[in-house]
Amino acid sequence: MNKSGLVVKSNELIRASYSLGLVEQRLILMAIVTARETTHGITADTLLEIRAMDYAQLFNVTKQAAYMALTDAVETLFNRRATVQVYDEQRNSLRPLTVRWVTAMHHEENTGLITLRFGHEVVPEITRLEANFTSYELRQISGLRSAYAVRLYELLIQWKASGITPLLKLDEFRSQLGLLKHEYSQMCHFKKYALDLAVSQVNEYTDITVTYEQHKRGRTITGFTFMFTQKKQPKDVTPKTKKLKPTEDINSLL
């Protein structure tokens, strides 16, 4: 699998409130890249294959660790859900609907091969590339070790053109990170174990540098605004071979 493979998600799906563990997120993203690399497109009937070997290489873990991680993910991913806006023909409007990420999964233990099929409502949210879709290279999240960091990166990269997000209200933002109401309910714990951890990893391992501003009502934090910039790409320092003039002999340069 190409580390530069393109991950594409609708902004609606990125903002959807769902909770996926780190390995589950990685598996979903690898499947999205696999889906986009097919030459004939995919449907809700298309079976996609993910190899533990590719997982190990992409996320820099041992093959044994990859086998174990994917084995555990298969047990949980099938029951994971997301809430997305789906068009209702009878009402002639969009309505929120809870859907499964995948409708079928199979794990071949001896080969480390996972086969999965995306849900009918999810397929169009990961295969198009339009104005309301966000894309990034898979390698940008390959070094992240926190599920919160992956979610934060995806949330931020929607505003790549401006480098600043609108106000993200606290409750909605927590939900988008995948936190339940009782998890890290105290602000100091939320920052330490979720927000600041995610920001630190995004700054260290991805192509953007992030800071944030907290907004308050009185003494109570009500939300956050994030600012980020693109990191400078390293210059090519490979020595360039000097071109010889027509009258020059290569021995004269030795």
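To be clear, the structure that these remarks concern was listed above.
Cut-offs used in this document
- Residues numbered from 1 in each chain as written.
- Predicted model: local features only at pLDDT ≥ 70, side-chain atom pairs only at ≥ 80, totals over all residues.
- Heavy atoms only, no water.
- Pairing = 2+ DSSP bridges.
- Helix = DSSP H or I, 4+ residues; strand = E, 2+ residues; numbered from the N terminus.
- Axes fitted to C-alpha atoms, helices over the stretch in contact; angles between N-to-C directions.
- Contact = heavy atoms within 4.5 Å.
- Expected span 1.5 Å × (residues − 1).
- Buried < 20%, exposed > 50% of the residue type's maximum accessible area, 1.4 Å probe, protein only.
- Salt bridge = Lys/Arg side-chain N within 4 Å of Asp/Glu carboxyl O.
- Phe/Tyr/Trp six-rings, centres within 6.5 Å; stacked < 30°, edge-to-face > 60°.
- Lys NZ or Arg CZ within 6 Å of the ring centre and 35° of its normal.

What about the sheet that holds strand 5 (residues 102-108)?
Consideration 1: Strands sit in the order 2-6-5 across an open sheet of three strands; the sheet is antiparallel. Of all strands in the sheet, those bounded by a partner on one side alone are strand 2 (48-51) and strand 5. This sheet shows a mean twist of 20° between the axes of neighbouring strands, independent of strand direction.
Consideration 2: The strands that helix 2 (residues 22-37) touches are strand 2, strand 5 and strand 6 (113-118); relative to strand 2, the one it contacts most, it runs at about 125°.

Some thoughts on helix 4 (residues 63-77)
Consideration 1: Its 15 residues give helix 4 an end-to-end C-alpha distance of 20 Å, which sits within 8% of 21 Å, the value for a rise of 1.5 Å per residue.
Consideration 2: The elements touched by buried residues of helix 4 are helix 2, strand 2, helix 3 (52-59), strand 5 and strand 6.

Side note on the sheet that holds strand 9 (residues 208-217)
Consideration 1: The strand order 8-10-9 describes an open sheet built from three strands, whose pairing is antiparallel. The open sheet is flanked by strand 8 (168-169) and strand 9, the only strands paired with a single partner.
Consideration 2: One ladder, built from ten bridges, connects strand 9 with strand 10 (residues 220-230); its direction is antiparallel. Bridge pairing links Thr211 to Met227 in strand 10.
Consideration 3: Contacting strand 9 and strand 10, helix 6 (residues 147-157) crosses the sheet at an angle of about 85° to strand 9.

Looking at the environment of Val74
Consideration 1: Along the chain, Val74 turns up in helix 4.
Consideration 2: The exposure class of Val74 is buried, given its relative accessible area of 13%.
Consideration 3: For Val74, the contacting residues outside a window of four places in its chain are Met105, His107 and Ile114.

Concerning the environment of His107
Consideration 1: Among the structural elements, His107 can be located in strand 5.
Consideration 2: In this view, His107 contacts Thr71, Val74, Gly112, Leu113 and Ile114; residues no more than four positions away in its chain are not counted.

Examining the environment of Leu144
Consideration 1: As for its position among the elements, Leu144 is in the loop between strand 7 (133-137) and helix 6.
Consideration 2: On the accessibility criterion, Leu144 (0% relative accessible area) is buried.
Consideration 3: In this structure, the C-alpha to C-alpha distance between Leu144 and Phe59, residues 85 residues apart in sequence, is 8.6 Å.
Consideration 4: Discounting chain neighbours no more than four positions away, the residues touching Leu144 are Leu22, Arg26, Ala149, Val150, Tyr153, Gln201, Val202, Tyr205 and Thr206.

Side note on the pattern of salt bridges
Consideration 1: This structure, assessed with the given rule, holds five salt bridges.
Consideration 2: Among the salt bridges present, the one from Arg51 reaches Asp54, with a minimum N-O distance of 2.9 Å.
Consideration 3: When salt bridges with common partners are traced through the structure, they connect Lys9, Arg151 and Glu154 into a single cluster.

Concerning the packing of aromatic side chains
Consideration 1: Per the stated rule, a full pass over the model turns up ten aromatic pairs.
Consideration 2: On the numbers, 4.9 Å between centres and 55° between planes, the contact of Tyr55 with Phe59 is tilted. Within this pair, Tyr55 and its partner Phe59 are both found in helix 3, separated by four residues, close to a single helical turn.
Consideration 3: An aromatic cluster is present here, built from Phe173, Phe190, Tyr212, Phe224 and Phe226 joined pairwise through their rings.
Consideration 4: In this structure, Arg26 is placed above the aromatic ring of Phe59, and the distance from its NZ or CZ to the ring centre is 4.3 Å.
Consideration 5: Across the ring face of Phe78, the terminal group of Arg100 is positioned such that the distance to the ring centre comes to 4.8 Å.

Remarks on helix 3
Consideration 1: Most of helix 3 sits out of view: six of its eight residues are buried.
Consideration 2: Within the span of helix 3, buried status applies to Ala52, Asp54, Tyr55, Ala56, Leu58 and Phe59.
Consideration 3: In the core, the buried residues of helix 3 are packed alongside helix 2, strand 2 and helix 4.
Consideration 4: Residue Asn60 follows helix 3 closely and has a positive phi angle near 55°.

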